[in-house]
Amino acid sequence: MAEQRDDGKPGSEIEPAGSGTPAAGNPPQPPVDPAELEQFRQFQQFQDYLRFTQAQQGNQPAPPPDAGLVQAPPSQPTPQQGGAQPPMIPPGYQLVPTEGRRAPRWLAWLGKKVIAWVLAIVILGVAGTWLYNHFFPNDSGKTSAQLAQEGGGTYHTNHILSTSPYEAVRSVYDAVAQNLVPQACGRMREDVQQKFAQDLGYADCQVAVHELNRQVKSKNDYAESMPSYVSEPIPGDSFMISSCQFGIRGGPALGAFTVQKVEKGQWLITGHTNEPTPCPLPTPTSR
């Protein structure tokens, strides 16, 4: 029988478990620092949070921590991946949003050019509309005085009337044929516009032009019935031009007009009288 040694000296066959003496060949382990253990636990929680957010966005979850690392037991239970609440963000960490990709420079430049062209087209459209309404105003609802201001009423300072007495009357026929109220009434002095309308049986000059236009059968013949000039010398600075003298065709005769020479060599219609309807046969005259 083997001799037992109980003197407590080294050389025993089995060392008691939990002995403070390290085993042969194993280096002594350093004590664990509680602060480092807490930092490691927080790092694990942060990795769990990242895997949770990636799973919610449909991305591939981050790989688990390195298997070679020694994981310390958590001081509190870790929330499950499928739970309603995400893992807590450890202190000292924050989520930084990913910076969106900027558009290429050429795309930004092209966008600015397109916006500039659209604004330019809008501005040109507004300006064009204003200019059209300014030079071709709508005469709806305007009085004879307003029409005179737009036409013959401004002849004192502007060259807007005809420089030929016969062209002044012919312009009235042409404007009636085209149903242009300012151009027809504007050839007459303000008070003559109303007399012209009343002589022909209408309330005002605007109504007269609209109603006379309805009676025009041939715009070209009607506008050319009155000559722009005649070979006879002009009898003076004020005289009468008879419509019946020239034989109006394509529409109604408008009576006799008194024309007068005014500023800047222009001729303004300053009077109107009726003539027989229908006109008698025209007398021969040179044109």
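Now for a look at the structure at hand. For clarity, every value in this text was computed on a predicted model and none was experimentally measured.

What counts, and at which threshold
Residues numbered from 1 in each chain as written. Predicted model: local features only at pLDDT ≥ 70, side-chain atom pairs only at ≥ 80, totals over all residues. Heavy atoms only, no water. Disulfide = S-S within 2.5 Å. Helix = DSSP H or I, 4+ residues; strand = E, 2+ residues; numbered from the N terminus. Buried < 20%, exposed > 50% of the residue type's maximum accessible area, 1.4 Å probe, protein only. 1 Å grid on protein atoms, 1.4 Å probe; cavity = no way out; pocket = protein on both sides within 12 Å on 5 of 7 lines; lining within 4 Å. Points joined across faces, edges and corners; volume = space filled by probe spheres on them. Nonpolar A, V, L, I, M, F, W, Y, C, P; charged D, E, K, R; others polar. Core = buried A, V, L, I, M, F, W, Y, C linked by side-chain atoms within 4.5 Å. Contact = heavy atoms within 4.5 Å. Patch = residues over 30% accessible without salt bridge, like charges linked within 9 Å, V, L, I, M, F, W, Y side chains within 5 Å. Areas by Shrake-Rupley, 256 points an atom, 1.4 Å probe, with all protein chains shown as cover. Salt bridge = Lys/Arg side-chain N within 4 Å of Asp/Glu carboxyl O. Expected span 1.5 Å × (residues − 1). Phe/Tyr/Trp six-rings, centres within 6.5 Å; stacked < 30°, edge-to-face > 60°. Pairing = 2+ DSSP bridges. Axes fitted to C-alpha atoms, helices over the stretch in contact; angles between N-to-C directions. Arc of directions from axis to C-beta. Polar contact = N/O pair within 3.5 Å; in protein donor to acceptor, adjacent residues only side chain to side chain. Parallel < 35°, antiparallel > 145°, perpendicular 65-115°, else oblique. Left-handed = near helix turned anticlockwise from the far one by under 90°.

**With respect to the state of the cysteines**
Step number 1: Under the criterion given, the structure shown has 2 disulfides.
Step number 2: Residue Cys185 pairs covalently with Cys205 via a disulfide, S to S 1.9 Å. On the S-S bond that ties Cys185 to Cys205, the torsion sits near -105°, and the link is left-handed. Taken together, the residues Cys185 in helix 5 (residues 181–185) and Cys205 in helix 7 (residues 205–214) connect sequence positions 20 residues apart. Side by side, Cys185 and Cys205 carry an identical accessibility label, which is buried.
Step number 3: Here Cys244 pairs with Cys279 through a disulfide, and the sulfurs are 1.8 Å apart. Torsion about the S-S bond of the Cys244 and Cys279 cystine: about -60°, corresponding to left-handed handedness. Here Cys244 is found in the loop between strand 1 (238–242) and strand 2 (256–261), whereas its partner Cys279 is found in the segment after strand 3 (267–273), with 35 residues between them in sequence.

**Some details on the layout of surface pockets**
Step number 1: Here the second largest pocket is characterised by a volume of approximately 270 Å³.
Step number 2: Here the lining of the second largest pocket is composed, by residue class, of 11 nonpolar, 5 polar and 2 charged.

**Remarks on unusual backbone geometry**
Step number 1: With an omega dihedral of -5°, the bond running from Thr277 to Pro278 counts as a cis peptide bond.
Step number 2: Residue Asn179 is not a glycine yet carries a positive backbone phi of 60°.
Step number 3: If you trace the backbone, Asn179 turns up in the loop between helix 4 (165–178) and helix 5.
Step number 4: Since its relative accessible area comes to 30%, Asn179 is described here as partly exposed.
Step number 5: At Lys264, a position not held by glycine, the phi torsion is positive, near 60°.
Step number 6: Within the secondary structure, Lys264 sits in the loop between strand 2 and strand 3.

**Notes on the nonpolar core**
Step number 1: Counting residues in hydrophobic clusters, the biggest one holds 33 residues, and the most contacted among them are Tyr173, Val176, Phe196, Tyr222, Ile241, Leu254 and Phe257.
Step number 2: Elements represented by at least two residues in this core include exactly helix 4, helix 5, helix 6 (190–199), helix 7, strand 1, strand 2 and strand 3.
Step number 3: For this core, the element with the highest residue contribution is helix 4, accounting for 8 residues.
Step number 4: Once you skip the residues sitting within four places of it in the chain, Tyr222 turns out to touch Tyr173, Val176, Ala177, Val216, Ile248, Arg249, Gly250, Gly251, Pro252 and Leu254.

**Examining a nonpolar patch on the surface**
Step number 1: A grouping of Trp106, Leu107, Trp109, Leu110, Val114, Val118, Val122 and Val126 is seen on the molecular surface, where their side chains present a nonpolar patch of about 820 Å² in accessible area.
Step number 2: With respect to the helices and strands, Val114 occurs in helix 2 (residues 105–135).
Step number 3: Judged by its relative accessible area of 46%, Val114 falls in the partly exposed class.

**Side note on helix 1 (residues 34–56)**
Step number 1: For helix 1, with 23 residues, the first-to-last C-alpha span of 33 Å sits near the 33 Å given by 1.5 Å per residue.
Step number 2: The set of residues buried in helix 1 consists of Arg41, Gln42, Gln44, Gln45, Phe46, Gln47, Asp48, Tyr49, Arg51 and Phe52.

**Some words on the packing of aromatic side chains**
Step number 1: Following the criterion strictly, the structure yields 5 aromatic pairs and no others.
Step number 2: For the pair Phe239 and Trp267, a centre-to-centre distance of 5.9 Å together with 75° between the ring planes defines the contact as edge-to-face. Of the two residues, Phe239 is situated in strand 1 and Trp267 in strand 3; the sequence distance between them amounts to 28 residues.
Step number 3: Under the relative-accessibility criterion, Phe239 is labelled buried at 10%.

**Considerations on the sheet that holds strand 1**
Step number 1: The strand order 1-2-3 describes an open sheet built from 3 strands, whose pairing is antiparallel. Each having just a single partner strand, strand 1 and strand 3 make up the two edges of the open sheet. Strand-to-strand twist of the sheet, defined as the mean angle between neighbouring strand axes without regard to direction, takes the value 30°.
Step number 2: Inspection of the sheet shows strand 1 paired to strand 2 by 5 bridges, in the antiparallel sense. The partner of Met240 across the bridge, within strand 2, is Thr258.
Step number 3: Across the sheet, helix 4 is in contact with strand 1, strand 2 and strand 3; its angle to strand 1 comes to roughly 45°.
Step number 4: Packed onto the sheet, helix 6 meets strand 2 and strand 3 and runs at close to 35° relative to strand 3.

**Remarks on helix 7**
Step number 1: If you check which residues of helix 7 are buried, you get Cys205, Gln206, Ala208, Val209, Leu212 and Asn213. Each buried residue of helix 7 sits inside an arc of 160° when the element is viewed along its axis, so together they form one side.
Step number 2: A side-chain oxygen of the first residue of helix 7 lies 3.2 Å from the backbone nitrogen of Gln206; this N-cap is Asp204.

**Considerations on the packing of helix 6 against helix 7**
Step number 1: It is at 8 Å that the axes of helix 6 and helix 7 come closest, and there the two elements cross at 45°. With respect to each other, helix 6 and helix 7 are oriented oblique. Helix 7 is crossed by helix 6, and the crossing has left-handed handedness. Contacts between helix 6 and helix 7 involve Gln193, Phe196 and Ala197 on the former and, on the latter, Cys205, Ala208 and Leu212.
Step number 2: Looking at the contact of helix 6 with helix 7 residue by residue, the classes come out as 5 nonpolar, 1 polar and no charged.

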